[in-house]
Structures are given as C-alpha cells and as structure tokens.
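# What the coordinates show
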Amino acid sequence: MATNNDLLDIFNAALAAVDPYRAVLNSVRLEQNSLHVGAKVYELEKYTRIVVVGAGKATARMAMALETVLGGRISGGLIIVKNGHGAALNIIMQAEGAHPLPDQVGVDGTRKILEMARLADEKTLFICLFSGGASALLVAPAADVTLADKQDVTSLLQKAGANIVELNAVRKHLSNVKGGRLAQAAFPAQMVTLILSDVIGDPLDAIGSGPTAEDTSTFSDAWAVLE
C-alpha cells in the first residue's frame, strides 16, 4: 500500500515531468551556431535578430528556458503572463495581465508584440511561446470591437458552458492577433512556435486561439456557437 510519502513523490514527479522550463529544454538545444527545435534546425548566422514573444500562464518559465539556451543571442521580446505567474528574466520583458477575462494590460502588451512582429524582416528569427491562458492574455480587439465587448462575450460563453474550442472559435473572429494573424504580422520573418498544450487532441488553432496557426474555423462556426 502506498504511503503518504509515496503519494507525495508521485505528485512531485508528475509536476516535474510537465514543468514548462524542462519541457522547452527537452525540445530546444544550441549546437555551435545552430538552434535545434525538435527535428528542425535553424542556422543562426542567417539572422541578425532573435525576438521572443508569447502569452500564457506557463510562458514565463518557457521564456526562462529560452534565455538559458540562447542567452545574449536574444535581441529582445515580450511575454504576457497571468498575474502572479512571472519569473526572473534577464532579456525578455514581461507583463502581467488578467485571466480568464482580458484586461487593458493584455491589450497594451499585445499592441507591443504586434509592433515587434511588424518590424520583423527576413533576417529575423521570431520565436513565439504559447500556453494555456494565451487566449485571454493576448488581446487585440478587431475593428469596432472594444475590450468591454470581449470581456462580455467571454463571460457569457463561459457561463453558457461553451467548451474551449467553441470559445476560441468566437475569440478568433473578434481579434486582430488570433487565428494566425500574429504570423501574418511577422511575415516574412522566420517564425518558430513552441506550444504547451492544454486542449485535448492538441488542435494548434485552438490552443491560445492559434495566433500563429491556420484557422480551421469560420465566421459561420463562430455564429453557430453564439446561437
């Protein structure tokens, strides 16, 4: 029979196994002047700048791991994390916003991230970090949509029992950053996205509402969710 200490050891081992810092270090390594991300290799001599941006509750520790790997090669960047979920970073800036309902900190931080994306060129390696919570923290209301509108829609859908895929289908169609629009803003930069999934099945356009992923949902899908 397992003792309390055994159960505590199992619990701590499970936490360590999903630690965002370790997850990134398990997937990203630097060999001489080549950055290995999974099976992909990026020759850093091709790039004059490395910019790191992101959003999510686990993103600070993901960013910490990237600073461990790349150090001073990082030119700059910004991540938006949930209040109280920051970490000690040396290069990448961070802002703490509200979750699950977005706030002005998220709007202001996202505006800066989009500015960084639009300044990127073909010699920029643009690294994006996303985890659960990114949908609420990365906020860029579409034209004629206000922050208050997005807060109301999010609250109403959550109270109505919408699942994460349904909720994010609506969010993507009220946004200038979700549904692949961050990738569009950063073109023609080389983009790398590291994603810590919190959605069953790992649909890339649903995790954090897919700022760098092709949107598989439509306006009709979003309208059906609202109905």
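Use the structure listed above.
Report follows, based on the coordinates. Nothing here was measured: the structure is a model prediction, and the numbers come from that model.

## Quick notes on the layout of surface pockets
Here the largest pocket defines a volume of roughly 170 Å³. Lining the largest pocket are 18 residues, and of these H99, G133, I164, R171 and D198 sit closest to its centre. Elements with a contribution of two residues or more to the lining of the largest pocket: α5 (134-137) and α7 (164-172). It is α7 that contributes the most residues to the lining of the largest pocket, 4 residues altogether. Grouping the constituent residues of the lining of the largest pocket by class yields 7 nonpolar, 8 polar and 3 charged.

## Things to note about the pattern of salt bridges
Across all of its chains, the model carries 5 salt bridges by this definition. With a shortest N-O distance of 2.6 Å, R29 and E31 are connected by a salt bridge. For E31, a relative accessible area of 39% puts it in the partly exposed group. Residue D205 is joined to K172 by a salt bridge in which the shortest nitrogen-to-oxygen separation is 3.1 Å. Of the two residues, D205 sits in the loop between β8 (190-195) and α9 (219-226) while K172 sits in helix α7, which places them 33 residues apart along the sequence. Both residues of the pair, D205 and K172, count as buried. In this structure, a network of salt bridges that share partners links the residues K172, D205 and D215.

## A look at the packing of helix α2 (residues 20-27) against helix α3 (residues 59-70)
The interhelical angle for the contact between α2 and α3, taken along N-to-C directions, is 40 degrees, at an axis separation of 7 Å. By the angle class used here, α2 and α3 are oblique. Where α2 crosses over α3, the handedness of that crossing is right-handed. Where α2 approaches α3, its residues P20, Y21, V24 and L25 are matched on the opposing element by R61, M62, M64, A65, L66, T68 and V69. Here the residues of the contact of α2 with α3 are counted per class, giving 9 nonpolar, 1 polar and 1 charged.

Conventions and cut-offs
- Residues numbered from 1 in each chain as written.
- Predicted model: local features only at pLDDT ≥ 70, side-chain atom pairs only at ≥ 80, totals over all residues.
- Heavy atoms only, no water.
- 1 Å grid on protein atoms, 1.4 Å probe; cavity = no way out; pocket = protein on both sides within 12 Å on 5 of 7 lines; lining within 4 Å.
- Points joined across faces, edges and corners; volume = space filled by probe spheres on them.
- Helix = DSSP H or I, 4+ residues; strand = E, 2+ residues; numbered from the N terminus.
- Nonpolar A, V, L, I, M, F, W, Y, C, P; charged D, E, K, R; others polar.
- Salt bridge = Lys/Arg side-chain N within 4 Å of Asp/Glu carboxyl O.
- Buried < 20%, exposed > 50% of the residue type's maximum accessible area, 1.4 Å probe, protein only.
- Axes fitted to C-alpha atoms, helices over the stretch in contact; angles between N-to-C directions.
- Parallel < 35°, antiparallel > 145°, perpendicular 65-115°, else oblique.
- Left-handed = near helix turned anticlockwise from the far one by under 90°.
- Contact = heavy atoms within 4.5 Å.

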